[in-house]
Number of protein chains: 2
Amino acid sequence: MSSGETAVEKPPMRDALVAAAFELFLERGYEQTTIDDIVTLAGVGRRSFFRYFPAKEGVVFPDHERCLTEMTAFLDADARDADPVRRVCDAARTVLRMYAENPTFSVQRYHLTKKVPGLRAYELSVVWRYERALAGYLRARFTGDPDGALRADVIAAAVVAAHNNALRCWLRSDGRGDASATVDHALRQVQATFGARPARDAGPLARDCRDGEDVVVVVARRGTPLWRVVQQVESALGGGTGTGSG
Amino acid sequence: MSSGETAVEKPPMRDALVAAAFELFLERGYEQTTIDDIVTLAGVGRRSFFRYFPAKEGVVFPDHERCLTEMTAFLDADARDADPVRRVCDAARTVLRMYAENPTFSVQRYHLTKKVPGLRAYELSVVWRYERALAGYLRARFTGDPDGALRADVIAAAVVAAHNNALRCWLRSDGRGDASATVDHALRQVQATFGARPARDAGPLARDCRDGEDVVVVVARRGTPLWRVVQQVESALGGGTGTGSG
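The rules behind each value
- Residues numbered from 1 in each chain as written.
- Chains lettered and ligands numbered in written order.
- Predicted model: local features only at pLDDT ≥ 70, side-chain atom pairs only at ≥ 80, totals over all residues.
- Heavy atoms only, no water.
- Salt bridge = Lys/Arg side-chain N within 4 Å of Asp/Glu carboxyl O.
- Helix = DSSP H or I, 4+ residues; strand = E, 2+ residues; numbered from the N terminus.
- Buried < 20%, exposed > 50% of the residue type's maximum accessible area, 1.4 Å probe, protein only.
- Axes fitted to C-alpha atoms, helices over the stretch in contact; angles between N-to-C directions.
- Parallel < 35°, antiparallel > 145°, perpendicular 65-115°, else oblique.
- Left-handed = near helix turned anticlockwise from the far one by under 90°.
- Contact = heavy atoms within 4.5 Å.
- Nonpolar A, V, L, I, M, F, W, Y, C, P; charged D, E, K, R; others polar.
- UniProt positions renumbered as here; feature names shortened; annotations may be inferred.
- Phe/Tyr/Trp six-rings, centres within 6.5 Å; stacked < 30°, edge-to-face > 60°.
- Lys NZ or Arg CZ within 6 Å of the ring centre and 35° of its normal.

Chemist: Give a description of the pattern of salt bridges that names residues and reports values.
Modeler: Where charged atoms of side chains with opposite charge meet at close range, the side chains can pair. Tallied over the entire structure, the rule returns 30 salt bridges over all chains. B:Arg14 is paired through a salt bridge with B:Asp63; the nearest N and O atoms lie 3.9 Å apart. Pair noted here: B:Arg14 is in helix H1 (residues 12–28) and B:Asp63 is in the loop between helix H4 (56–60) and helix H5 (64–76), with a separation of 49 residues, a long-range link. With respect to burial, B:Arg14 and B:Asp63 carry one shared label: buried. Overlapping salt bridges bring together A:Arg14, A:Asp63, A:Arg66, A:Glu70 and A:Glu101 as one network.

Right, here's the structure in full:
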């Protein structure tokens, strides 16, 4: 793009429709607001609404299509040498950024979605599409592995669950606190369970490993839950940085 | 229940409505079939339909409410000493049994649900309720653990994803093959990742452990993906039974 051009990412009319819709949803309720009410308040025609949103639910989640496209592009641009589990965790952060960009709006929507079953159902179908995008990427990466598709589905579900646990935590705090740190903490648990070595080892330690064939010995009493053994291994691999607790 | 009584679990009228509905859905399509068409074919009044099903979607998934109730009762009856991850895997098998009870019906519904977006959305909301029931149980069991709620959500999502991967596999095979074995295999992966020791060790080996403080030593090169280490640990714990592959 030349310096003379400007990015037109969000047309003002689209923003006006979202703002008008939320003003009305909060004032009189979602079910009690019609598309006609929204376009009247926004000062545009009915056809403008449908140019941007296929239905009333769409105006509640105006950025998910863009976000899904971004996430898919991010996964498609994958360098084959990256740890696939880390890659899907990074992809999930795309969604987090969309929420964190506008805390007030995200918190309002969270409370609205909790109250309206139709919106909850719509949200579930959006979450499902994110999960399938992550699973599709992992299935391709695990081609040829026995149980590759199973592992892909389980990891994608775990990533989405961890992301959503952290996101809801942040939304319940009314968008106060550090959304990224909360989600990073949650995704680190998933990476520790399913991924290759955690990101923090990509420094000097990682070079040690390649040069010196460094070996980790884990001793566990039989009967120890596997997740505790995993924590032990994770902590042995990561040294004493203290980021793998949990 | 005394021997003179008989169980009245599924009223014949309810069954007749489901049978009539599926006959019409397969013949002319889901969207093209009205509730009036269904009650006419079943030879009952419109009010009878709504006595059993809140809406048209309900007749497509007639057993989920009963299954959710059964699953919740199973979790509520939990003996506190059981491994919680094993417990939620066993709970998920309640759902599998519902599908496996009637393969033809389950396969017909699978194809129908794939074609009708409204049914897909309805199914997602049912799956969500199963997942929340499992997560709720695990959250209670993990009370006081740091990150207990996070771990509960992730494990519940992993169980549901593994169950559904196996279930879809079986449905795609047109209900041929052993549904239980397929789901057992998938859930075993989840138990190996998150659970305490797998069920097959609950024999003499388990006694060895308690008596002899048996110890497992795992040696892994740094940089080995954690899931491979977990497979190693799992295989070390399980001995040479060959059930933990994949």
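Chemist: Could you give an account of the packing of helix H6 (residues 84–100) of chain B against helix H9 (residues 148–172) of chain B, naming the residues involved and the relevant values?
Modeler: All names here are of chain B. In contact at an axis separation of 10 Å, H6 and H9 are set at 30 degrees when each is read in the N-to-C sense. Judged by the angle between their axes, H6 and H9 are roughly parallel. In this structure, the crossing between H6 and H9 has a hand that is right-handed. Contacts between H6 and H9 pair Val-85, Val-88, Cys-89, Ala-92, Val-95, Leu-96, Tyr-99 and Ala-100 from the former with Ile-155, Val-159, His-163, Leu-167 and Trp-170 from the latter. When its residues are assigned to classes, the contact of H6 with H9 shows twelve nonpolar, one polar and no charged.

Chemist: So what's going on with the environment of A:Asp37? Which residues, and what values?
Modeler: All names here are of chain A. Tracing the backbone shows Asp-37 in helix H2 (residues 35–42). The partly exposed category is assigned to Asp-37, whose relative accessible area is 24%. Once the C-alpha coordinates of Asp-37 and Ala-21 are considered, the two residues, 16 residues apart in sequence, prove to be 8.2 Å apart. Setting aside its immediate chain neighbours within four residues, Asp-37 contacts Leu-24, Arg-28 and Gln-32.

Chemist: How would you summarise the packing of H5(B) against helix H8 (residues 117–141) of chain B if you had to cite specific residues and measurements?
Modeler: Residues and elements named next belong to chain B. The contact between H5 and H8 brings their axes to 10 Å, and the two run at 5 degrees. Relative to H8, the element H5 is oriented roughly parallel. Facing His-64, Glu-65, Cys-67, Leu-68, Met-71 and Leu-75 of H5, the residues of H8 in contact are Val-126, Arg-129, Tyr-130, Ala-133, Leu-134 and Tyr-137. Looking at the contact of H5 with H8 residue by residue, the class counts come to nine nonpolar, one polar and two charged.

Chemist: Explain the UniProt feature "DNA-binding region" (unreviewed entry) in chain A to me, using residue names and the numbers behind them.
Modeler: When the UniProt feature table is mapped onto this chain, "DNA-binding region" (unreviewed entry) is found at residues 34–53 of chain A. Spanning residues 34–53 of chain A, this segment combines 75% helix with 0% strand, and its end C-alpha atoms are found 14 Å apart.

Chemist: Can you tell me about the packing of aromatic side chains, naming the residues and giving the values?
Modeler: Residue and element names in this part refer to chain A. Taken as a whole, this structure holds 15 aromatic pairs over all chains when the rule is applied. Relative to Phe-53, the ring of Tyr-52 lies with its centre 6.4 Å away and its plane at 55 degrees, an arrangement referred to as tilted. Above the ring of Phe-74, the side-chain terminus of Arg-87 is found at 4.0 Å from the ring centroid. The ring of Phe-142 carries Arg-151 above its face, with NZ or CZ at 4.0 Å from the centroid.

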